Amino acid sequence: MSGANACLRRDTARLVAGDGGDGGGGGGGGSLESHLARLGPLPDIEPTRLRAEVAAAGLTGRGGGGFPAGRKLDAVAGRGRAVAIANGAEGEPASAKDRFLLTERPHLVLDGLQLAGRAVGATRLYLYAPADVLTGPVAAAIRERRDRLPIRLVVAPGTFVAGEESAVVSAVSGRAAVPFTTPPRVSERGVSGRPTLVQNVETLAHLALIARFGAGWFRQLGTDDEPGTRLITLSGAVTAPGVCEVAGGTSLRDILMCAGGVRGDVRAILVGGYHGGWVWLPDGLSLPLTRAALAPYDAAPGAGVVIALAEGECGLTVGADIATYLAAQSTGQCGPCLNGLPAMAATLRAVAYGPVSPALVRETERLCGLVAGRGACHHPAGTIRVVRSTLRTFATEVDLHLRGTCSAPGRRPATERRWSA
Ligand SMILES: Cc1cc2nc3c(=O)[nH]c(=O)nc-3n(C[C@H](O)[C@H](O)[C@H](O)COP(=O)(O)O)c2cc1C
Ligand code: SF4
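Residues numbered from 1 in each chain as written. Chains lettered and ligands numbered in written order. Predicted model: local features only at pLDDT ≥ 70, side-chain atom pairs only at ≥ 80, totals over all residues. Heavy atoms only, no water.

Q: Even after reading the chapter, I still don't get the sheet that holds strand β7 (residues 266–271), so can you show me in this structure?
A: The strands making up a sheet associate through backbone hydrogen bonding, with each pair oriented either parallel or antiparallel. If you trace the five strands from one edge of the open sheet to the other, you get β6-β5-β9-β7-β8, paired in mixed fashion. Each edge of the sheet is formed by a strand with only one pairing partner; in this case those strands are β6 (242–247) and β8 (277–280). This sheet shows a mean twist of 30° between the axes of neighbouring strands, independent of strand direction. Sheet analysis places β7 next to strand β9 (residues 305–310), joined by five bridges and oriented antiparallel. Its bridge partner lying in β9, valine 271 is registered against valine 306. (Pairing = 2+ DSSP bridges. Helix = DSSP H or I, 4+ residues; strand = E, 2+ residues; numbered from the N terminus. Axes fitted to C-alpha atoms, helices over the stretch in contact; angles between N-to-C directions.)

Right, dumping it as structure tokens:
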């Protein structure tokens, strides 16, 4: 999706601020000149202190997993001749924030990569992103800079799994962008057998600001549990789809307002993207976007993807379409993922589109149980999460389908002949 309609709220815009409205941290423009005018040169901060500031800031990864960035830096540092990779693959179809950042604020990401590299003692730096992003403003930004360590560019293919950490290491090593089994962790043995830091581009942009303004500044926005700000990509039934920046713990209601509010009535929100979980409305509107508040929904802020489902749309069909897409994204290396995900997607599809029967609903749940905990990466786990969430959240819709009707106007899913509706 496009990030053109970026919503720049003056009170919370740090990464994407055009005018430094927060009084100190505005990311400041695409060119090196405007970037330097706003933020000055790279701070000369000692690696140990930078790692301590990032840990004290409570910065968590913005690529989906939400892992504490300070702990990750510590895991790579001190092992010698490390490699640092900025992950801008953004394989999630409903996300546009990394593309937005690399296009609108390339120097902030590049600062973050240089600083993170120093913090872990890296001797090689990589930027991994889709080809069209790499040939955009970030290419010009790299040419403008006089960095001590050059940044090598690696093209990320447009697959869902290409941004998974071990797949990133594979791609940067010149192999196919598919995951491999860990341990050993890439922090111990990654590219060329070296300790490797893989960090999302947004995480690195925050790190660049923390290096300049400190942990206390970072924590001035957000909550104790979710400090700082994060980028959100809004799509679906909203007035102005796009990217916005909000403080941690902002309610879903306020997040939707960043996109000009909802279009018509909204039934539910998919939080966390294609590996995420559904939140039912209107109850969910006051939920803050925090791990703790979203846990009962088996959802998490993830990479900051929010998709609004209009009242007239069938959540089962949207969930089944997502499951079908995700099943096709299996890299085919692990049996349960290769065989289990398509089978699971097919049964959910039948529940959504027909012919449906109670046995199919039970079969979808059974297949989720079979695949759970299997596979070399988290792709099966994420797929199960959205499938289970779809069945749970739209249980009333399942009943309607079993009776041959649907809440979406004009749809009548067929029922299995053996099962009399
Ligand atoms: C299937 C799958 C796809 C992923 N895709 C991305 C991606 O496109 N970009 C990204 O930054 N992280 C992605 N991740 C998360 C990475 O594995 C990794 O945790 C992240 O890049 C680390 O950076 P962070 O700690 O700054 O978030 C993905 C994870 C999984 C399981
Ligand atoms: S679990 Fe699936 S996506 Fe992950 S490596 Fe195995 S086959 Fe590939």
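After presenting the structure, the write-up continues.
Q: Help me understand the site of ligand 2, please; the structure alone is not making it clear to me.
A: All residues adjacent to ligand 2 are Pro179, Ser330, Thr331, Gly332, Gln333, Cys334, Cys337, Gly375, Ala376, Cys377, His379 and Pro380. Of the pockets mapped on this structure, ligand 2 occupies the largest cavity. (Near = heavy atom within 4 Å. 1 Å grid on protein atoms, 1.4 Å probe; cavity = no way out; pocket = protein on both sides within 12 Å on 5 of 7 lines; lining within 4 Å. Sits in = over half its atoms within 2 Å of the grid points.)

Q: Help me understand the packing of aromatic side chains, please; the structure alone is not making it clear to me.
A: The description of an aromatic ring pair uses the distance of the two centres, along with the angle that the planes make with each other. Per the counting criterion, the structure on display carries five aromatic pairs. Between the aromatic rings of phenylalanine 213 and tryptophan 217, the centroid separation amounts to 5.1 Å while the plane-to-plane angle is 45°, which identifies the pairing as tilted. With phenylalanine 213 and tryptophan 217 both in helix α9 (residues 201–218) and four residues apart, this pair spans about one turn of that helix. Relative accessible area serves as the criterion here: at 30%, phenylalanine 213 is assigned to the partly exposed category. Here the aromatic rings of tryptophan 280 and phenylalanine 394 are separated by 5.9 Å at their centres, their planes lie at 65°, and the arrangement is edge-to-face. Of this pair, tryptophan 280 sits in strand β8 while phenylalanine 394 is found in the loop between α15 (379–393) and α16 (395–402), placing the two residues 114 residues apart along the sequence. You can call tryptophan 280 partly exposed: its relative accessible area is 37%. With a relative accessible area of 1%, phenylalanine 394 lands in the buried category. Three or more aromatic residues joined by ring pairs make a cluster, and in this case those are Phe160, Tyr274 and Tyr325. Sitting above the plane of the tryptophan 217 ring, arginine 14 keeps its charged end 3.7 Å from the centroid. (Phe/Tyr/Trp six-rings, centres within 6.5 Å; stacked < 30°, edge-to-face > 60°. Buried < 20%, exposed > 50% of the residue type's maximum accessible area, 1.4 Å probe, protein only. Lys NZ or Arg CZ within 6 Å of the ring centre and 35° of its normal.)

Q: For this particular structure, what's the right way to read the site of ligand 1?
A: For ligand 1, the set of nearby residues contains 18 residues, the closest of which are Gly63, Asn87, Glu165, Asn200 and Thr203. Take asparagine 200: an N or O atom from its main chain is 2.8 Å from an oxygen atom of ligand 1. Burial of ligand 1 by the protein chains amounts to 88% of its free accessible area of 600 Å². Sort the elements by how many residues they give to the shell around ligand 1 and strand β4 (residues 196–200) lands first, with three residues. Its residues assigned to classes, the shell around ligand 1 shows three nonpolar, ten polar and five charged. (Polar contact = N/O pair within 3.5 Å; in protein donor to acceptor, adjacent residues only side chain to side chain. Areas by Shrake-Rupley, 256 points an atom, 1.4 Å probe, with all protein chains shown as cover. Nonpolar A, V, L, I, M, F, W, Y, C, P; charged D, E, K, R; others polar.)

Q: Would you mind going over empty space enclosed by the protein with me for this structure?
A: It is the rolling of a water-molecule-sized probe over the atoms that shows where space remains empty. Applying the stated criterion across every chain, the model contains two cavities of 30 Å³ or more. Space inside the largest cavity adds up to approximately 70 Å³. Every residue along the wall of the largest cavity is listed here: Val161, Pro179, Ser330, Thr331, Gln333, Cys334, Cys337, Gly375, Ala376, Cys377, His379 and Pro380. Here the lining of the largest cavity is composed, by residue class, of seven nonpolar, five polar and no charged. Together, Thr60, Arg62, Glu226, Pro227, Gly228, Thr229, Arg230 and Gly248 line the second largest cavity. Taken together, the residues that form the lining of the second largest cavity break down as one nonpolar, four polar and three charged. (Points joined across faces, edges and corners; volume = space filled by probe spheres on them.)

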